[in-house]
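Per-entry structural report
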Amino acid sequence: IFSNSCCSFDNAETNMFCLRSMTGSIILFDHLHATGAFSRKSPIYIKGCITVLKNYPGGSPDGLLNALRFTTIHLNDPDTPANIKHLLD
């Protein structure tokens, strides 16, 4: 799903819009779902989403990564996998 397919537009502004939308959707889902976006049973492929944000060729969107770090509720839950927490360190 995220083998650069979300960032495949020619316009850099469109790519950033997609990344912002993805980040906002993750935050919203994390706030609304009982177990959050970071649990193993989440339908979101969170590892792929974070990898896309970190490897974005137009520069690392640090603000979006910080939004995931500091505005999500379930990131620091005990059932959040350690590899996901490590990706956002």
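Considering the packing of helix α1 (residues 12–32) against helix α2 (residues 46–54)
α2 packs onto α1 with a crossing angle of 145 degrees between their chain directions and a minimal axis gap of 11 Å. Considering only the axes of α1 and α2, their crossing is left-handed. Note on element contacts: α2 touches α1 through Ile-46, Cys-49, Val-52 and Leu-53, opposite Leu-19, Met-22, Thr-23 and Ile-26. Its residues placed into classes, the contact of α1 with α2 shows seven nonpolar, one polar and no charged.

Structural notes on the environment of Asp-30
The residue Asp-30 is located in helix α1 in this model. Through-space distance from the C-alpha of Asp-30 to that of Leu-75 is 8.7 Å; in sequence the pair is 45 residues apart. The residues contacting Asp-30, other than those within four sequence positions of it, are Gly-36, Ala-37, Phe-38, Thr-72, Ile-73 and His-74.

Thoughts on α2
Of the positions making up α2, those classed as buried are Ile-46, Gly-48, Cys-49, Ile-50, Val-52 and Leu-53. Where α2 is buried, its residues meet α1, α3 (62–71) and α4 (82–87).

Thresholds applied
Residues numbered from 1 in each chain as written. Predicted model: local features only at pLDDT ≥ 70, side-chain atom pairs only at ≥ 80, totals over all residues. Heavy atoms only, no water. Axes fitted to C-alpha atoms, helices over the stretch in contact; angles between N-to-C directions. Helix = DSSP H or I, 4+ residues; strand = E, 2+ residues; numbered from the N terminus. Left-handed = near helix turned anticlockwise from the far one by under 90°. Contact = heavy atoms within 4.5 Å. Nonpolar A, V, L, I, M, F, W, Y, C, P; charged D, E, K, R; others polar. Buried < 20%, exposed > 50% of the residue type's maximum accessible area, 1.4 Å probe, protein only.

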